[in-house]
Amino acid sequence: MKRGGGSAQSRFAAGLALHRSGRLPEALSAYDEALRADPKLVGAHNNRGIALSQIGRTQDALTSFERAIALDPRHADALANRGLALGQLARFADALASFDTALAIQPGHALASAYRMQAAESLFAQAEELAGAGRHGEALAAFTALAAHDPARAQAHYGAGAMHWQLGDAAAALACCERALGLAPELGPAHNLRGRALQQLGRGDESLAAFDRALVCNPSDALAHLNRGWQLRHTGRLEEALAAFLQTQILDPTLPYVESQILELRLRFNDWKGFAAARDAVVSGVTAGTTDVVPFVLLPLTDEPAVQRAAAARFLAQTYPRVSARPAPHPPGKRLRVAYLSADFHDHATMYLLADVLDCHDAGHVELTAMSYGVPAGDVWRERAAAACARFIDVREHSDSAIAELVRSLQIDVAVDLKGLTAGGRPGIFAARAAPVQASYLGYPGTLPAPFMDYFIGDPVTNPPVERDAFAEALALLPPSYQANCRLAEPAAPQGSRADHNLPETGAILCCFNANYKITPEVFALWLEIMAAVPDSVLWLWVDQQRARENLVQEAAAHGIPRERLVFADFLGRAAHLARLAHADLFLDTFPCGAHTTASDALRAGLPLITLPGRTFASRVGASLLTASGLGELIALSPAQYKALAIELASDPARRAALRARLREAVPGSRLFDPRRQARNLERAYAEMDARARRGEAPADFAVRED
């Protein structure tokens, strides 16, 4: 025995006796004397920890248990006691690990066995509490630890999946849900979350099947009905989507977004019974802060910028409550590094506008990256985007945070969001602060009022000074219009005859090829008044829902306009659609959500457009395009002026012909269809944003000036 060993053992034995008699301070003194004599006396460290724990000095107790384990890593009692102390300190994942180590060394260890389940339940409760507090990263760590120690606990895998979903990682959420369902096939919430993840990953049929399975588990699951409705809505099965949303409302009228989704589908069906009251209720609820609305739904419902901003702010604050800090500017490179992020690098309106601009970016000054999180389409538009950029990266299965990290790793200076709050957008990438400068462009026609969006790219017409408060972001204003456009081609010859499109050979062809959800009762009533004043006119609309067509026919008949004066166009590919516009005489814009890509399509085809701008960006795009084309006389300033102008032009074939000839002359020379000029203006905007960030300045409004 080492010198002093007997003294250490005797003091340790004395400490044990004092401990058993409840004389804890004296026992601690005896353990300390033993350890001074022999610092490697494992039992003294362990029992000292027990005594400290009993007098409430839990952190000191943990230190003693850690010293015992450092001396003897297989000391099952010390490991179990450490688990108890960790549990008392609410470090339940570490406690569970300590108990499991003790049980691996000594199966059936009484203390570890007794308290292990308690630690597991406490860890689960802690994970749920963290999740409820929005601390998703910490909750994920807790659920993941629980799943590692209790791999047969389905709820732990599901909880981890839910946190992965909240953190924007659909692929990881899906994997966790599938593990949970392998253990508990009837776990309805896991089927529901699995459906959301599949939806995000573009696997729509599987997503719908998952929601259906969730409803087999629990037919009264309102959230599953809601998610099923969104998937049906996304795939164009609008009748079934409406039924799902209505069932959701019956089961749980408090669920967010249900009321506005029902109203949006009623707009898509042009079902206006009680519409004004429903619209007013939604707008009032947003104003009062009591109603949650998907911001895009509000665009055709109100021309009040403050209402649209309030809805978007509420949505973003609820959906992306945690925003990462802005990274410092990267070391300057030889070229400005710009990334475009979108789900729409395919046959989509975004590429109809942007494709030539991507081609025209100056590769000597700007290094372009495109990141696609949409379903790969494999079409010519995607190929064009890939060819125009230095790198084209498919990030569909990456989490929001992983995409943001990838953007940072590429030292991107300016990240451009081409989706915003449109369907399939992923603002979470920008909430994770992908780049030192982040800008919203082209996709969502409104503000993203969140601390992670620095700039909105508009123009002096879409963003007039009087409506500056409509946007939370700093404004970068392009001349003459914000809208990118591909080059003009020779106008296509009319496709077929008027009769081939069910149009009369004579009379004025009034048209609107905007999505029919933009047609409000007020707009349609004004159109019917125009038609009544021009007896030989017809109205040519693109409406893809039979129910909507029937409703519009009934509404027209109620105003004395017979069925044959409404003509409904079917979907055509882009080239064929542009060609058929030659048969129309006048494009009537909608309001307060007007034509955007369809407006530039009309001008491209030489078709005059009458527009009525309001206060919101979404209502002012047509005016921006007409101003850029030198055709400001087609911008009405009131419904009465809109009506009068439409009647004048529809009633006067010679004036229409002269206007069309003027349009064909004005548009080719306008800057609107000059993608090279637009690319230079965007590059100037990005360079100014980057320069301000490098000077340490906060984002601020500026107007791009051309050379």
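The sections below set out a description of the structure shown in this document.

Basis of the calculations
Residues numbered from 1 in each chain as written. Predicted model: local features only at pLDDT ≥ 70, side-chain atom pairs only at ≥ 80, totals over all residues. Heavy atoms only, no water. Helix = DSSP H or I, 4+ residues; strand = E, 2+ residues; numbered from the N terminus. Contact = heavy atoms within 4.5 Å. Areas by Shrake-Rupley, 256 points an atom, 1.4 Å probe, with all protein chains shown as cover. Lys, Arg positive; Asp, Glu negative; His and termini not counted. Charge placed at Lys NZ, Arg CZ, Asp CG, Glu CD. Expected span 1.5 Å × (residues − 1). Buried < 20%, exposed > 50% of the residue type's maximum accessible area, 1.4 Å probe, protein only. Arc of directions from axis to C-beta. Phe/Tyr/Trp six-rings, centres within 6.5 Å; stacked < 30°, edge-to-face > 60°. Lys NZ or Arg CZ within 6 Å of the ring centre and 35° of its normal. Core = buried A, V, L, I, M, F, W, Y, C linked by side-chain atoms within 4.5 Å. Axes fitted to C-alpha atoms, helices over the stretch in contact; angles between N-to-C directions. Parallel < 35°, antiparallel > 145°, perpendicular 65-115°, else oblique. Left-handed = near helix turned anticlockwise from the far one by under 90°. Nonpolar A, V, L, I, M, F, W, Y, C, P; charged D, E, K, R; others polar. Pairing = 2+ DSSP bridges. 1 Å grid on protein atoms, 1.4 Å probe; cavity = no way out; pocket = protein on both sides within 12 Å on 5 of 7 lines; lining within 4 Å. Points joined across faces, edges and corners; volume = space filled by probe spheres on them. Polar contact = N/O pair within 3.5 Å; in protein donor to acceptor, adjacent residues only side chain to side chain. Salt bridge = Lys/Arg side-chain N within 4 Å of Asp/Glu carboxyl O. Disulfide = S-S within 2.5 Å. Right-handed = clockwise from strand over helix to strand, strands pointing away.

The helix and strand inventory of the protein stands at 30 helices and 13 strands. Taken over the C-alpha atoms alone, the protein extends approximately 120 × 60 × 45 Å along its principal axes. Look at the contacts in the protein between residues 6 or more apart in sequence, and 65% of them connect residues 24 or more apart. Accessible surface computed for the protein: about 28000 Å², of which carbon and sulfur atoms make up 53%. One way to put it: in the protein the 71 positive side-chain charges average out to a point 6 Å from where the 77 negative ones average out.

Relative to the 20 Å expected for 14 residues at 1.5 Å per residue, helix α2 (residues 24–37) spans 20 Å between its end C-alpha atoms, a close match to the ideal helical length. Within α2, the full set of buried residues consists of L24, A27, L28, A30, Y31, A34 and L35. Axial view of α2: buried residues confined to an arc of 160 degrees, hence all on one face. In this structure, α2 carries P25 and R36 as exposed residues pointing more than 90 degrees from its buried face.

On inspection of all chains with the given rule, the structure shows 16 aromatic pairs. By the ring-pair criterion, three or more aromatic residues cluster together here, those being F456, F471, Y482 and F617. Positioned over the ring face of F124 is R153, at 5.9 Å from the centre of the ring.

What follows deals with the nonpolar core. Counting 160 residues, the largest nonpolar core has Y441, F524, W527, Y686 and M689 as its most contacted members. Top contributing element to this core by residue count: helix α19 (residues 349–360), with eight residues. The residues contacting F524, other than those within four sequence positions of it, are W272, I519, L539, L541, L552, E555, A556 and L566. Counting residues in hydrophobic clusters, the runner-up holds 61 residues, among them A51, F65, A80 and A139.

Bringing the packing of helix α5 (residues 76–88) against helix α6 (residues 92–105) into the picture now. At a closest axis distance of 8 Å, the pairing of α5 and α6 adopts a crossing angle of 165 degrees. Here α5 is positioned roughly antiparallel relative to α6, judged by the angle of their axes. Two packed elements cross with a definite hand, and for α5 against α6 that hand is left-handed. Here A76, L79, A80, R82, G83, L84, L86 and G87 of α5 come into contact with α6, specifically with F92, D94, A95, S98, F99, T101, A102 and I105. Class assignment of the residues belonging to the contact of α5 with α6 gives a composition of ten nonpolar, four polar and two charged.

What follows concerns the sheet that holds strand β3 (residues 391–394). Taken together, the eight strands give an open sheet; going across it, the order is β3-β2-β1-β4-β5-β6-β7-β13, and neighbouring strands pair in parallel fashion. Since the sheet does not close on itself, it has two edges, and those belong to β3 and β13 (702–703), each with one partner. The pairing of strand β2 (residues 366–372) with β3 spans four bridges and is classified as parallel. For T369, the partnering residue across the bridge sits in β3 and is R391. Against the sheet, helix α21 (residues 400–409) engages β1 (336–342), β2 and β3, with an angle of about 165 degrees to β2.

Now for the environment of E121. Examined against the element boundaries, E121 turns out to sit in helix α7 (residues 110–132). Given the relative accessible area of 38%, E121 is considered partly exposed. Residues E121 and L96, 25 residues apart in the sequence, show an inter-C-alpha distance of 10.0 Å.

Scanning the entire structure with this criterion turns up one cavity of 30 Å³ or more. By volume, the largest cavity is sized at about 80 Å³. Taken together, P305, Q308, R309, Y444, P445, G446, T447, A470, F471, T616 and F617 make up the lining of the largest cavity. The leading source of residues in the lining of the largest cavity is helix α18 (residues 305–319), at three residues. Taken together, the residues of the lining of the largest cavity sort by class into six nonpolar, four polar and one charged.

Attention now goes to the side chain of S629. Looking at the element boundaries, S629 is found in the loop between α27 (617–628) and α28 (639–651). In this structure S629 comes out as buried when scored by relative accessible area, which is 4%. From its side chain, S629 meets the backbone oxygen of L625 in a polar contact 2.9 Å long. Excluding anything up to four places from it in sequence, S629 contacts L603, A666, V667, S670 and L672.

Counted under the stated rule, the structure contains 53 salt bridges. The shortest N-O distance in the salt bridge between R82 and E66 comes to 3.2 Å. With R82 in helix α5 and E66 in helix α4 (residues 58–71), this pair connects stretches of sequence that are 16 residues apart. For E66, a relative accessible area of 33% corresponds to the partly exposed category. Here R279 ties to E522 by a salt bridge, and the two come within 2.7 Å at their closest N and O atoms. Taken together, the positions of R279 in helix α16 (residues 275–288) and E522 in helix α23 (residues 521–533) put the pair 243 residues apart, joining distant regions of the chain.

Tallied over the full model, the rule gives zero disulfides. Lacking any disulfide linkage, C176 is separated from the closest cysteine sulfur, that of C177, by 7.0 Å. Residue class for C176 comes out buried when judged on its relative accessible area of 5%. Cysteine C593 remains unbridged, with the sulfur of C512 as its closest cysteine sulfur at 11 Å.

In this section: the pairing of β1. The two faces of the sheet receive side chains in turn, since in a regular strand these alternate between them. In terms of burial, β1 is largely enclosed, as seven of its seven residues are buried. Judged by which residues are buried, β1 turns out to be covered on both faces: L336, V338, Y340 and S342 on one side and R337, A339 and L341 on the other are all buried. Across seven bridges, β1 lies against β2 in parallel orientation. When the sheet's bridge partners are listed, A339 is paired in β2 with T369. In this region the chain leaves β1, passes through α19 and returns to the parallel neighbour β2; the handedness of that crossover is right-handed. Pairing between β1 and strand β4 (residues 414–417): four bridges, direction parallel.

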